[in-house]
Amino acid sequence: MDSPRAEAQFLRTLAAIRTRCAQVHDLAEKGALQYFDYYPARRDAVIAFCASIMQRDFANAFDTIPPHGRWRHLDAGLPRIAPLLQSWAASGVSIAEQCKRLLDLFLVSVLLDAGAGNDWTYTEPGTGRTFSRSEGLGVASLHMFCAGLFSGSAEQPCRVDAQGLARITTDKVAEAMQVTEANPMVGLDGRTELLVRLSAALASNPQFFGEDARPGNMLDFLETQSTLSGPTRHIPITALWTVLIDGLSPIWPSRHTLDGIALGDVWPCPALALAHPEDECASESYVPFHKLSGWIAYSLVEPIQKLMGWTVDGVEDLTGLPEYRNGGLLIDFSMLRLRPNVLDAQCFPQGTRNGIPRLPPSHPAVVEWRAMTVIELDRIADGLRRRFKLDAQTLTLAQVLESATWKGGREIARTMRPETGGPPIDIISDGTVF
């Protein structure tokens, strides 16, 4: 790279994610990772497992598979978004405003979606249904939204804006999410701080979020970046990515910076540095993931396309999400195996080398694991397309994530670890990465 600034800008692009992850994957093929051995022959078993789940749930009607997005979690157990839209429409709310409200909701819901741990649950008021993990966080966030917890407008509770978010406290989030000593949540403080920082980000970026500083106003910005082809408005995915990476940059904890630019979900990979000692710049071994930004992007594309009838071009440039469900699939099927004794004993419960290791997102083993996940999700998707004789337009990566890998990772985890259903590596989460 020409300069630290140019490198920082590159690491924040969509293309950088696959480029750097592919470099890590190349090391795996040479047996040059530090923490994992790689068994690509096991991919066929992963593809067969995923294919069986898809056929079980969709009976080969793969055109009915929805894209991976927050909408599904908000509708866990019963429809909630459709009735909400119907109530707004009955009150005379325009389609554009309905879409903005969903963008408000989906964005804040994803930011609350970092792993909650194995012990937390949420019991929904009114239905009495109990949910955990992503579904629990999603249903809880919907009720918080409808109660006006994120809104600074007494007249309109169903919105998210800087004024409302500035009043968020850990106690308010804990109460709304039913967190107690008996119902603990991992990363409660981190996700609360994320919402407070979101307030500042919205207020400081009116070019994206408007004068009233709400996420849904990005719809107006995206329209300025669009083109018309006949009656259809086309939005490039790069325009949405710019909003998320530049507009939300202030919300991420300052972990690694280049030229004063906070990089976000970007981490050094020592295996890359060892493989390329000639690289003078340490950031050449940094691997970007931007998982929550990618999860937000997938989630926001759906209401934009469904409600506005716009087409978002280039969605295929989004990567598979490097998180513990998709990644757990690779470890539980032994495509990736931790090398014996490669982790210190303190990475395990009680300081033994038994049980599930617990690692922070910064640990080089987690960086390797996530990079391998990004590339293997592409290859698993290609394998499923070959198996079902479909192309990438007919079976998208977003559909594979929804119907196969994320669901498959959860199901194999329940089989392998029925007492918790947790991942094969426990992530020490602060609520801002996973």
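Here, the structure is the one placed above.
Keep in mind the model is a prediction, meaning the values are calculated, not measured.

S.K.: Outline the packing of helix α17 (residues 364-388) against helix α18 (residues 397-416), supporting the account with residue identities and numerical values.
M.R.: The geometry of α17 relative to α18 is characterised by a closest axis approach of 10 Å and an angle of 85 degrees between their N-to-C directions. As the angle between them shows, α17 and α18 are arranged roughly perpendicular. For the pair formed by α17 and α18, the contact residues are Leu 377, Asp 378, Ile 380, Ala 381, Leu 384 and Arg 385 on the first element and Leu 397, Val 400, Leu 401, Ala 404 and Thr 405 on the second.

S.K.: Account for helix α13 (residues 237-247), naming residues and giving values.
M.R.: Each turn of an α-helix holds 3.6 residues, which means side chains three or four residues apart point in the same direction. Counting buried positions over the eleven residues of α13 gives eight, a clear majority of the element. Within the sequence span of α13, burial applies to Ile 237, Ala 239, Leu 240, Trp 241, Val 243, Leu 244, Ile 245 and Gly 247.

S.K.: Give me unusual backbone geometry: which residues, what numbers.
M.R.: Even without being glycine, Arg 133 reaches a positive phi, approximately 50 degrees. For Arg 133, the position within the fold is in helix α7 (residues 133-146). The phi torsion at Lys 389 lies on the positive side, around 55 degrees, for a residue other than glycine. Note on placement: Lys 389 falls in the loop between α17 and α18. Taking relative accessible area as the criterion, Lys 389 reaches 75% and is therefore assigned exposed.

S.K.: Give me the lowdown on the environment of Glu 376, citing residues and values where you can.
M.R.: Its place among the elements puts Glu 376 in helix α17. For Glu 376, a relative accessible area of 1% translates into the label buried. Note: C-alpha distance between Glu 376 and Leu 85 (291 residues apart in sequence) is 37 Å. Apart from the residues within four sequence positions on either side, Glu 376 is in contact with His 25, Tyr 38, Arg 43, Leu 330 and Met 335. At a separation of 2.6 Å, a polar atom in the side chain of Glu 376 contacts the side chain of Tyr 38.

S.K.: For the pattern of salt bridges, give the residues involved together with the corresponding values.
M.R.: In the structure shown here, the tally under the stated rule is 27 salt bridges. In this structure, Glu 7 engages Arg 20 in a salt bridge whose closest nitrogen and oxygen atoms are separated by 3.1 Å. With Glu 7 in helix α1 (residues 4-11) and Arg 20 in helix α2 (residues 14-29), this residue pair connects regions lying 13 residues apart in the sequence. You'll find Glu 7 and Arg 20 in the same group, each marked buried. Across the pair Asp 220 and Lys 100 runs a salt bridge whose closest N-O atoms are separated by 2.8 Å.

Definitions and cut-offs
Residues numbered from 1 in each chain as written. Predicted model: local features only at pLDDT ≥ 70, side-chain atom pairs only at ≥ 80, totals over all residues. Heavy atoms only, no water. Axes fitted to C-alpha atoms, helices over the stretch in contact; angles between N-to-C directions. Helix = DSSP H or I, 4+ residues; strand = E, 2+ residues; numbered from the N terminus. Parallel < 35°, antiparallel > 145°, perpendicular 65-115°, else oblique. Contact = heavy atoms within 4.5 Å. Buried < 20%, exposed > 50% of the residue type's maximum accessible area, 1.4 Å probe, protein only. Polar contact = N/O pair within 3.5 Å; in protein donor to acceptor, adjacent residues only side chain to side chain. Salt bridge = Lys/Arg side-chain N within 4 Å of Asp/Glu carboxyl O.

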